[in-house]
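The residues making up each chain are set out below.
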Amino acid sequence: MKFLKIAQVAILAAAFIPQIAFSAGGAVKPPAQEWGFKGAFGKFDNAAVKRGAQIAIEVCMACHSFKYIQFDSLKQFGYTEAEIVALAESQGRTKKDKMISAMDDVSAQESFGIIPPDLSLMTKARKGYEDFVYGILTGYLSESETGVVDAALEDEKISKAEALELAPILHADATKIEHIKMTLDRISNGDNFNKYFPGQFFAMPMPLSDGAVEYADGTESSLKQMSHDVTTFMAWTAEPTLIERKTLGFKVLLYLVFFTILLYAVKRRIWAKAH
Amino acid sequence: MSKLMEWVDARIPVSDMIKSQATEYPTPKNLNYWWNFGSLALFMLIIMILTGLFLAMHYKPDAKQAFDVVEHIMRDVNYGWLLRYLHANGATFFFIIIYVHIFRGMYYGSYRAPREILWWIGVIIFFLMMGTGFLGYVLPWGQMSYWGAAVITNLITAVPVIGEDLVIWVWGGFSVDDATLNRFYVLHFLLPFVIFALVIVHMWALHAVHSNNPDGIDIVDEKKDTLPFHPYFTIKDLYGIGVLLIIYCWFVFFAPNAFLEPDNYIPANPMQTPAHIVPEWYFLPFYAILRSIDFLGSFSKLAGVIAMVGAILVLFVLPFLDRSPVRSFRYRPLSRSLFWIFVANSIMLGWVGYNPADATAFDGALPLIILGRTGTAIYFGYFVMLFIVTAFKIEKPLPLPKSL
Amino acid sequence: MVIEAEENRRDFLILATGAVGVAGSAAAAWPFIRSWSPSADVLALATTEADLSALTEGQMITIPWQGKPIFILYRTAEQIAQAKEADSASLPDPEQDKDRVHKEQYLVLLALCTHLGCVPQPIGTGDFGGFLCPCHGSHYDTSGRIRKGPAPKNLPVPYYTFKDDHTIVIGKPV
């Protein structure tokens, strides 16, 4: 009886949840990706973290810091002592230093109008988590998409056919030509368009494109591969204790289930006398 | 050993106390599993105090260091991540348990005579818990911490005449800042011990009037109707703790951020408010009530605060609103229906509180503010209806059993 | 008979459950105990490097290592001779000077008096040409050995290595 009542309440509550709409928005939810470190038994792919660290240092650290991470701690992903010293020196640091960008706040403010946020916690600090970070990195206009945009920009007017073509690229409503026109104007103005950023425009220019780095292990450095690798690295910087946590958690839960079964058996036995 | 106990007992009657109040304490034999939530709440309080104590040994209440020091705990301190996740998720489970505990009391009429004072102490504990939870959420000094503190302390400005000065006094400055964080930390440390003391008073009051039971009738024959607390209820409580730990630890180890907002991993920035700020889930129904009063012009702000505080204060008069000759809703069909509407409504209010103030449902057909206002009306309506249904004898209670 | 067997099984079940519970509670205490041990960032500071190229003969510097003072003295020929001479004297805590240094000219000491933990005063303040502890008047010689006063032991020599000719690393890396 009671259970039915609770179920009723839950269903009643759940019935409302899907049809929600915010007046604010414009952001498109980035598609979910596969992450090997997710799930109860997930593990970090060390090779991917190592490649990601290379991108983080060679590309991201031009502007961003990872202030909670020491260069030295990259050893665990297969970097040698000499490689770490070289990576740190490339940023004007020593291996014992934290991964702080060489760019100072004042010049960052001058170039971008904003101080680039620290990236150590980025995958935990945004709705969508790793998928959001991956979405941002891959959410800029591709070469072919830029072509479509440029073609549409050639004349002042945007035709219906152009609007239909542009709508999926800009994640816009094809019937709202005014909105599409405004977006195109901002793109031609040099603003950075990104499909998955709330509001679609933001301060960071496209950081990665095919072949932006040369991987030491010979992996092809496609945009997707690099985005996946650097996001994996950032998932590690956000929570270096992730694997320790899950490993311990598995043992703790195993114990608790066993112990609770025992307690239940004792409870049954003791209460048998009462009835 | 027995010699030693004799010596102690002659001076302070420990053995008698344990016997009469713990081991042989007569407990109604028909208590169901909803009665487990009292001991579960005590267990969570102990976990919170323990983990909090050890976290406090590493934390620094300094606006410049607080965010980094939490990350230091997460990364550098041995098992620091475990302590913090136990503490953060512990708050969530503590509140889940307390809400079930309160709903149980409401359903089985545990607030009725002679348990009014027992109930009031419980409401005070609940109120202090909300204060402690709010203060604790400020300590990691992330964006949600900061803006949650800013919004809630700004409620003080609703106080007529002295509100503006009062909030500056609470802040110790002209905005939420270092001084605020420092005093919030001290209070967050202090309040759990006040709660602990009140829990002892709560149990004292409980043992004076004894437990209610699902039938809500008094014990006629102690021999037939009760069982000694030990071993029957000690083992039942332990089993309950085992089940709780399984669920709690699952979240701690495998989904520790499920109840945390991503924005709180962004350091506090007084120059920028996050797009959508929400309090922690356990404040959401009250937050929805606060926001639902927006139609009274310049009086809305104060009225909203009064409604929110009133939503808790009304629990104090509940024992006098319920005039039924019967305690347990098992035998009160109308009250029972009202109760389940109240529960569903509370969940709905929580959901309204979670969403932005200007959100709509059903393709814009239903602004959530309407739902919020309706929910607020139903929330207070429950207490009015319960009074009407019982005071004017509209409800015909079912026949009660003669004994347990 | 049947009832007795039932009783025994119950006893065993309760005992086993109790044991499992006690073991679990003990294990749960471990993270709390461990949280007091030095954290990773403190352990990362287990070693200290110092550049000795600017140090001249007869000069002494004090550097912090793990929160404790380290004396590094560039000994003069006279101070070395004094220390060696005393090898054969009757010492409260006998030790050869050569066992207390890696390079004869550099004397490296953990500068906490072995009596009650005060920091001795710089070289030349005590009898025997060495260090005087101001708290209770212990005198250490030019090898940091106790010669007079209440301290029971010589000033300890910390673990250290020379990275190159003039860079010293104090402490063992973790």
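Residues numbered from 1 in each chain as written. Chains lettered and ligands numbered in written order. Predicted model: local features only at pLDDT ≥ 70, side-chain atom pairs only at ≥ 80, totals over all residues.

This part takes up the overall build of chain C. Check the secondary structure of chain C and you find three helices and nine strands. Moving toward the C terminus, one meets the helices and strands of chain C in the order α-α-β-β-β-α-β-β-β-β-β-β. Taken against the 2.2 N^0.38 rule, which gives 16 Å for 174 residues, the C-alpha radius of gyration of chain C at 26 Å runs more than 25% over that of a compact globule. A principal-axis box enclosing the C-alpha atoms of chain C has dimensions of 95 × 35 × 25 Å. Going through the 174 residues of chain C one by one, you find that 22% of them count as buried. (Helix = DSSP H or I, 4+ residues; strand = E, 2+ residues; numbered from the N terminus. Rg over C-alpha atoms; globule rule 2.2 N^0.38 Å. Buried ≥ 20, exposed ≤ 12 C-beta atoms within 10 Å, placed from the backbone.)

Residue and element names in this part refer to chain B. Annotation of chain B at the domain level lists domain 1 (19-276) and domain 2 (278-395). Relative placement of domain 1 and domain 2: their C-alpha centres are 22 Å apart. Counting residues at the interface gives 27 residues for domain 1 and 23 residues for domain 2. If you list the elements that add at least two residues to the side of domain 1 that touches domain 2, you get helix 5 (80-107) and helix 6 (116-138). Ranked by residues supplied to the side of domain 1 that touches domain 2, first place goes to helix 6 with eight residues. Here the residues of the side of domain 1 that touches domain 2 sort into 17 nonpolar, six polar and four charged. (Domains from an automatic or database assignment. Contact = placed C-beta atoms within 7 Å. Nonpolar A, V, L, I, M, F, W, Y, C, P; charged D, E, K, R; others polar.)

So, on to the sheet that holds strand 5 (residues 131-133) of chain C. All names here are of chain C. If you walk across this open sheet you meet the three strands as 5-6-7, and the pairing is antiparallel. Both edges of this open sheet fall to strand 5 and strand 7 (146-148), since each of them pairs with a single strand only. Sheet twist, expressed as the average angle between the axes of neighbouring strands with direction ignored, equals 35 degrees. (Pairing = 2+ DSSP bridges. Axes fitted to C-alpha atoms, helices over the stretch in contact; angles between N-to-C directions.)

The next point concerns the domain arrangement of chain C. For chain C, the domain assignment lists domain 1 (1-37) and domain 2 (43-170). Measuring from the centre of the C-alpha atoms in domain 1 of chain C to the corresponding centre in domain 2 of chain C gives 54 Å.

Residues and elements named next belong to chain C. Examined bridge by bridge, strand 8 (residues 160-164) and strand 9 (residues 167-170) share four bridges and lie antiparallel to one another. When the sheet's bridge partners are listed, tyrosine 160 is paired in strand 9 with isoleucine 170. Two successive antiparallel strands, strand 8 and strand 9, enclose a turn made up of two residues.

Take unusual backbone geometry next. Geometrically, the link from alanine 113 of chain B to proline 114 of chain B is a cis peptide bond, its omega value of 5 degrees lying close to zero. Position of proline 114 of chain B relative to the elements: it lies in the loop between helix 5 and helix 6. Following histidine 230 of chain B, the chain continues to proline 231 of chain B via a peptide bond in cis, the omega torsion being 5 degrees. Positive phi values are uncommon outside glycine, yet tyrosine 129 of chain A reaches one of about 50 degrees. Among the structural elements, tyrosine 129 of chain A can be located in helix 5 (residues 129-138).

So, about the packing of helix 1 (residues 2-11) of chain B against helix 2 (residues 14-23) of chain B. Residues and elements named next belong to chain B. Two elements in contact, helix 1 and helix 2, have axes whose closest approach is 7 Å; the angle formed by their N-to-C orientations is 85 degrees. When the interaxial angle is binned, helix 1 and helix 2 end up roughly perpendicular. For the pair helix 1 and helix 2, the contacting residues are Met5, Val8 and Asp9 in the first and Val14, Ser15 and Asp16 in the second. Broken down by class, the residue content of the contact of helix 1 with helix 2 amounts to three nonpolar, one polar and two charged. (Parallel < 35°, antiparallel > 145°, perpendicular 65-115°, else oblique.)

The next point concerns the confidence of the model for chain C. All names here are of chain C. The pLDDT averaged across chain C works out to 90; a share of 94% of its residues lies at or above 70. Across chain C, element-level confidence peaks in strand 4 (residues 106-110) with a mean pLDDT of 95 and bottoms out in helix 1 (residues 2-34) with 84. Taken together, the chains of this predicted complex give a pTM of 0.90 and an interface ipTM of 0.94. (pLDDT = per-residue confidence, 0-100.)

The next point concerns the nonpolar core. Ala41, Met44, Phe94, Ile97 and Ile289 of chain B are the most contacted members of the largest nonpolar core, which totals 86 residues. Ignoring any residue separated from it by four or fewer positions in sequence, one finds alanine 41 of chain B in contact with Phe94, Ile97, Ile98 and His101 of chain B. Of all hydrophobic cores here, the second largest spans 40 residues; its members include Met61, Tyr68, Phe71 and Ile136 of chain A. (Core = buried A, V, L, I, M, F, W, Y, C linked by C-beta atoms within 7 Å.)

A word on the interface of chain C and chain B. Between chain C and chain B, the contact holds eight residues from the first and 10 residues from the second. Mapped by element, the contributors of at least two residues to the side of chain C that touches chain B are helix 1 and helix 2 (40-43) of chain C. The element best represented in the side of chain C that touches chain B is helix 1 of chain C, accounting for three residues. The class makeup of the residues in the side of chain C that touches chain B is three nonpolar, three polar and two charged.

To continue, consider helix 7 (residues 143-154) of chain B. Every α-helix carries 3.6 residues per turn, so stepping three or four residues along brings you back to the same face. Residues and elements named next belong to chain B. For helix 7, spanning 12 residues, the distance from its first C-alpha to its last is 16 Å, which sits close to the expected 16 Å at 1.5 Å a residue. Looking only at helix 7, the buried set comprises Gln143, Met144, Ser145, Tyr146, Trp147, Gly148 and Ala149. Where helix 7 is buried, its residues contact helix 6 and helix 9 (178-209). (Expected span 1.5 Å × (residues − 1).)

Right, let's talk about the sheet that holds strand 2 (residues 60-65) of chain C for a bit. All names here are of chain C. A sheet is described by the order of its strands in space; here three strands give the open sequence 2-3-4, paired in antiparallel fashion. Two strands bound the open sheet, and with one partner strand each, they are strand 2 and strand 4. Neighbour to neighbour, the strand axes of the sheet diverge by 20 degrees on average, direction disregarded. Both strand 2 and strand 3 (residues 68-74) contribute to a ladder of six bridges, which runs antiparallel. Of the residues in strand 3, the one forming a bridge with tryptophan 65 is lysine 68.

Attention now moves to the interface of chain B and chain A. Taken residue by residue, the interface counts 40 residues in chain B and 38 residues in chain A. Residue assignment for the side of chain B that touches chain A shows that the elements contributing at least two residues are helix 4 (66-75), helix 11 (229-254), helix 14 (333-354) and strand 3 (360-361) of chain B. In terms of residue count, the dominant contributor to the side of chain B that touches chain A is helix 11 of chain B (14 residues). Tallied by class, residues from the side of chain B that touches chain A come to 29 nonpolar, five polar and six charged.

This part is about the environment of valine 314 of chain B. All names here are of chain B. Along the polypeptide, valine 314 turns up in helix 13 (residues 300-321). C-alpha of valine 314 to C-alpha of phenylalanine 383: the two residues are 69 residues apart in sequence and 8.0 Å apart in space. Excluding anything up to four places from it in sequence, valine 314 contacts Phe380 and Phe383.

Summarising the element assignment, serine 25 of chain C is placed in helix 1. Accessibility expressed as a C-beta count within 10 Å gives 9 for serine 25 of chain C, which makes it exposed.

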